[in-house]
Amino acid sequence: MTEFAIEREGPVVRVGPERPHPERTALVEARGALLYWDVLDPRSHPAALYGDGQAPPVHPAAEIHDLDLAADWLWEIYGPEAAAAILSGAAAIATEADSPVLQAARKLADLRWIEAWWPATHVVTLSAQAIGGPRAREGLPPSYEAVVPAPSVGLLRAEAACRTAEVEHLLDDDEAVERALDFDPAAITALESHPVLGSDARDLADELADLAENYGVVLRTSPAPARPEDWTLAAGGDTGAGPALAEGEAPVDWASVPQGLVDIAGQARWSLTHRGGASVITVEVPAAPKARDATLTARIGGAGIALHHDRDTGMFTGEAQAPQGFLRLPTAQRTLHVYDPAFATGDAGADPDAQARRDALIVYAYQRVLASDAGLAIEAAAVGVDLP
Amino acid sequence: MVQGIAPSAAVPRGMLIADAWAQLGDAVAPLSNPSGRPLARTVKLLLDPLVLRPTMNARFAGGVVAVEHVDALRAAILDAGPALAATAAWFQLVKKARRRAGITEGHPQDLYFQRCFELAHEHGDPRSAEGAARIAAEAVAEVHAERGEVTVDRLRGFVTDPERAAELAGLLRSAWADRSDEAVDAAPHPGLAAFLEHCATGPDRDLWKTLARKRVGTAEAAALDRPSVARGYGLTGRERPVPPEIGDRASKRRLPKPFDRSIMERLFAAFTAVFQRESMGDIPALVVGEIHRSAAPWQLAEESSRITMALGRDAAKGLDAPIEAVPASDANARLLSRWSRESYVQRVLRLPDAAARDVPDDLRDDVLGVDRAYLRRLWARLHGRELRGEATEADDVWDLLDGVLRSVVMDQRDRLRRSLEREGDRA
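The shown structure was predicted, so the numbers you read here are calculated from the model rather than taken from an experiment.

Reading the values: the criteria
Residues numbered from 1 in each chain as written. Chains lettered and ligands numbered in written order. Predicted model: local features only at pLDDT ≥ 70, side-chain atom pairs only at ≥ 80, totals over all residues. Heavy atoms only, no water. Helix = DSSP H or I, 4+ residues; strand = E, 2+ residues; numbered from the N terminus. Expected span 1.5 Å × (residues − 1). Buried < 20%, exposed > 50% of the residue type's maximum accessible area, 1.4 Å probe, protein only. Arc of directions from axis to C-beta. Phe/Tyr/Trp six-rings, centres within 6.5 Å; stacked < 30°, edge-to-face > 60°. Lys NZ or Arg CZ within 6 Å of the ring centre and 35° of its normal. Axes fitted to C-alpha atoms, helices over the stretch in contact; angles between N-to-C directions. Parallel < 35°, antiparallel > 145°, perpendicular 65-115°, else oblique. Left-handed = near helix turned anticlockwise from the far one by under 90°. Contact = heavy atoms within 4.5 Å. Nonpolar A, V, L, I, M, F, W, Y, C, P; charged D, E, K, R; others polar. Pairing = 2+ DSSP bridges. Patch = residues over 30% accessible without salt bridge, like charges linked within 9 Å, V, L, I, M, F, W, Y side chains within 5 Å. Areas by Shrake-Rupley, 256 points an atom, 1.4 Å probe, with all protein chains shown as cover. Salt bridge = Lys/Arg side-chain N within 4 Å of Asp/Glu carboxyl O. Lys, Arg positive; Asp, Glu negative; His and termini not counted. Charge placed at Lys NZ, Arg CZ, Asp CG, Glu CD. Buried area = accessible area lost by both parts, 1.4 Å probe. Polar contact = N/O pair within 3.5 Å; in protein donor to acceptor, adjacent residues only side chain to side chain. pLDDT = per-residue confidence, 0-100.

### Some thoughts on helix α10 (residues 198-214) of chain A
Residue and element names in this part refer to chain A.
Logical step 1: Here α10 is 17 residues long and its end C-alpha atoms lie 24 Å apart, about the 24 Å a rise of 1.5 Å per residue gives.
Logical step 2: Inspection of α10 places G198, A201, L204, L208, L211 and A212 among the buried residues, and these make up the whole buried set. Taken around the axis of α10, the buried residues stretch over an arc of 140 degrees, which confines them to a single face.
Logical step 3: Remark: G216 follows α10 within two positions and exhibits a positive phi of approximately 65 degrees.

### Remarks on the packing of aromatic side chains
Logical step 1: With the rule as written, the count across this model stands at eight aromatic pairs over all chains.
Logical step 2: Geometrically, the ring pair formed by Y233 of chain B and W298 of chain B is stacked, given 6.1 Å between the ring centres and 15 degrees between the ring planes. Of this pair, Y233 of chain B sits in the loop between α12 (229-232) and α13 (263-273) while W298 of chain B sits in the loop between α14 (283-294) and α15 (303-315), placing them 65 residues apart in sequence.
Logical step 3: Accessibility expressed as a relative area gives 18% for Y233 of chain B, which makes it buried.
Logical step 4: An aromatic cluster is defined as three or more aromatic residues linked by ring pairs; in this entry it consists of W113, W118 and Y364 of chain A.
Logical step 5: The residue whose ring lies beneath R19 of chain A is Y344 of chain B, and the NZ or CZ to ring-centre distance is 4.5 Å.

### Looking at the packing of helix α2 (residues 67-78) of chain A against helix α3 (residues 80-87) of chain A
Residues and elements named next belong to chain A.
Logical step 1: Look at α2 against α3: their axes get within 7 Å of each other, and the N-to-C directions meet at 150 degrees. Relative to α3, the element α2 is oriented roughly antiparallel. The hand of the α2/α3 crossing is right-handed. Across the interface between the two elements, L67, A71, L74, W75 and Y78 of α2 pack against P80, A82, A83, I86 and L87 of α3.
Logical step 2: In terms of residue class, the contact of α2 with α3 is made up of 10 nonpolar, no polar and no charged.

### Overview of the sheet that holds strand β11 (residues 278-286) of chain A
Adjacent strands of a sheet form backbone hydrogen bonds with each other and so pair up, either parallel or antiparallel.
All names here are of chain A.
Logical step 1: Pairing is antiparallel in the open sheet, where seven strands are placed in the order β9-β10-β11-β14-β13-β12-β15. Only two strands of the sheet have a single neighbouring strand rather than two, namely β9 (246-251) and β15 (337-339). Averaged over neighbouring strand pairs, the angle between their axes works out to 25 degrees when direction is ignored.
Logical step 2: With three bridges connecting them, strand β13 (residues 303-310) and strand β14 (residues 315-321) associate as antiparallel partners. By the bridge assignment, H308 is partnered in β14 with T317.

### Quick notes on a negative patch on the surface
Residues and elements named next belong to chain A.
Logical step 1: Judged by side-chain charge, D200, D203, D206, D210 and D373 come together as a negatively charged surface patch.
Logical step 2: Along the polypeptide, D206 turns up in helix α10.
Logical step 3: On the accessibility criterion, D206 (51% relative accessible area) is exposed.

### Focus: the interface of chain B and chain A
How big an interface is tends to be expressed through the accessible area that disappears when the partners come together.
Logical step 1: The interface of chain B with chain A comprises 56 residues on the first partner and 53 residues on the second.
Logical step 2: Of the roughly 4800 Å² buried where chain B meets chain A, counting both sides, 51% is carbon and sulfur surface.
Logical step 3: Between chain B and chain A we count nine salt bridges in total.
Logical step 4: In this structure, the connection of chain B to chain A is made through 30 residue pairs in polar contact (both at pLDDT 80 or more).
Logical step 5: For the side of chain B that touches chain A, the leading source of residues is helix α19 (residues 397-426) of chain B, giving 10 residues.
Logical step 6: Taken together, the residues of the side of chain B that touches chain A sort by class into 23 nonpolar, 12 polar and 21 charged.

### What about the confidence of the model for chain A?
Logical step 1: Confidence along chain A averages 86 in pLDDT terms, with 88% of residues attaining 70 or more.
Logical step 2: Considering each helix and strand of chain A separately, the mean pLDDT is smallest for helix α6 (residues 134-137) of chain A, with a value of 50, and largest for strand β3 (residues 25-30) of chain A, with 98.

### Considerations on α3 of chain A
Logical step 1: Residues of α3 of chain A that are buried: P80, A82, A83, A85 and I86 of chain A.
Logical step 2: Where α3 of chain A is buried, its residues meet β1 (2-9), β2 (12-15), β5 (61-64), α2 and β6 (92-95) of chain A together with α1 (13-24) of chain B.

Here it is in structure tokens:
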């Protein structure tokens, strides 16, 4: 049972709680309203998302800015009675209504969230207690190292295109399906021959081909992706350095970097060494699983350092001469701040909730990986299929 | 029957349509989405304009339908059932013909839905019509005749023909020399704000006619010739608009701002952006028309387009600083609200901050100066409508004003996303 209070402020009608933090928001832009699910809502436990249909439906909160437009489809999301209550000025709704359209909308929101915020990491230490859920906890030591693999963006977009077509009649964007079909389907083609997931991939490919024809989209094709050995390796070259004079570490604010570059559980590390008469600051940031190439910027004690992706070590690394007086700076000013200058201004203030939120999302994602039916993209990542 | 329709005073229109549509069964599946609902374009191109006609049947308009009209609405759809089933069958045949002809350009639903509805009325159901496959193939050929690069080539051939160069240049000179520079009272006309107050909910058709009769759109254009005004609107990069070149080349990428586009670029942009060339005139008439249009107020030919530019200017006010903006009208408030939602949506989607150092300059300018990007897109839409001979009426205005901002926003998202994908290549 979903119970939501309704607030009306001017032209806006809000059903349920306020917008969650962007990092934990799974969103659908409907005609006349934003629909959002809080990814960390306890009812969003993986078993409820792609489960066997036994879990009660999880309804989104909504911020309705045009009631007249939303009237067209509110009944499909909340059921006819709750929709009538929203339209007629009620102060609260309670609903258990489920529908294929609600499920498709939720999956679409979920897929978009994964694409934006899925916290992939090579290694993270989790406590079994945090994982929760009897099935997940069974046989685990109290604390252990876990991997959250990165799903294929191509598979995510393929699934999202199909879910978009199922709810196209309630979306704000009248070209949503065409836009959703604008991606590289190489991942599906590659997965079609997989012994276990192949048949799902072939179904998905058929569905996409139908959509492409009905919407007049020519699916993109691209040359085969570069294989790891085709890449030239960045030079390592930190030989000859003395011992570190000072060092430190800090988490990377993931709102300052785009998806897929930085290992979300990794710490950015800096160290100061003497080399050939100069003080050199070296910075290393663990790259995300399957990270692409990019250049990040590290700021510390007034120095700006460009970090390049080194595929050999799986790190973004860079170094620069230390500014005068670096060692005399108070520790607080020797805080390492990493951002992508193509993504953020680097001026983001500190967010005291960031770490807890991130930890919770990593646990959530790990639960998804353990769940038996987590959607094709997550399943393929969980069994370790390497896809673009 | 879709879950019980409760006996209340009004019923959501979408629920009634879904209910009636479900009763039509598999016969209309080609016009439905995978959830079994009529496609968005089925509603927009078939049900609304050809079956329910809410502009003429006010009882079928709006988000909810009064309970006494519920049966009539359902009956209207069920009565159209056979025609819609035949339309769906024709659509399947036409798609097959399109595939056979190797055509991939254009949106099949936009291009063929209404043509298939016509075929359904002319020939009935294709399964019992003689030569249905041939008819479908002809329909496809007809829709796609006179399209493609040929037309752009002919345009380029015409404007670059040395024998015509002097004539066209002379025409352009005299069109600009004849521009009336009568001093018009530039005080904003109160009718504009009044129209914006209701255009989203119940457009005032009489007021629209009054605005046209008083040539308010033309009057509002007078200020464009003052220093920096047109530039402030984002319509030109110059201090004041100057006569365009005739031009001899154009490319889809990096078109100049509207008033800085050559005659060739203006026509080229409309040719490639919109896929309805059959409704445009022939090349010489298009070029001469464009020359005259370039010298007209707002560089648009129709009074309705000029009024819409003035309305768009006022409705977009404050988009560049939405937090401080105090809405001057309902339409203005709605656009401001869409834009302020957009910053949240962009964070949810984890798109780059446009203010970041390495975001391409033109993209940053378009995001931070969205009011100017908005007026440019609105101008291009109105220009396209004029070339296709589509009238702009009171009822069309809000769809245009809102649709243009949505389109600008979606375009910016795509560009922000692509700027990240390109990042790897630069590294």
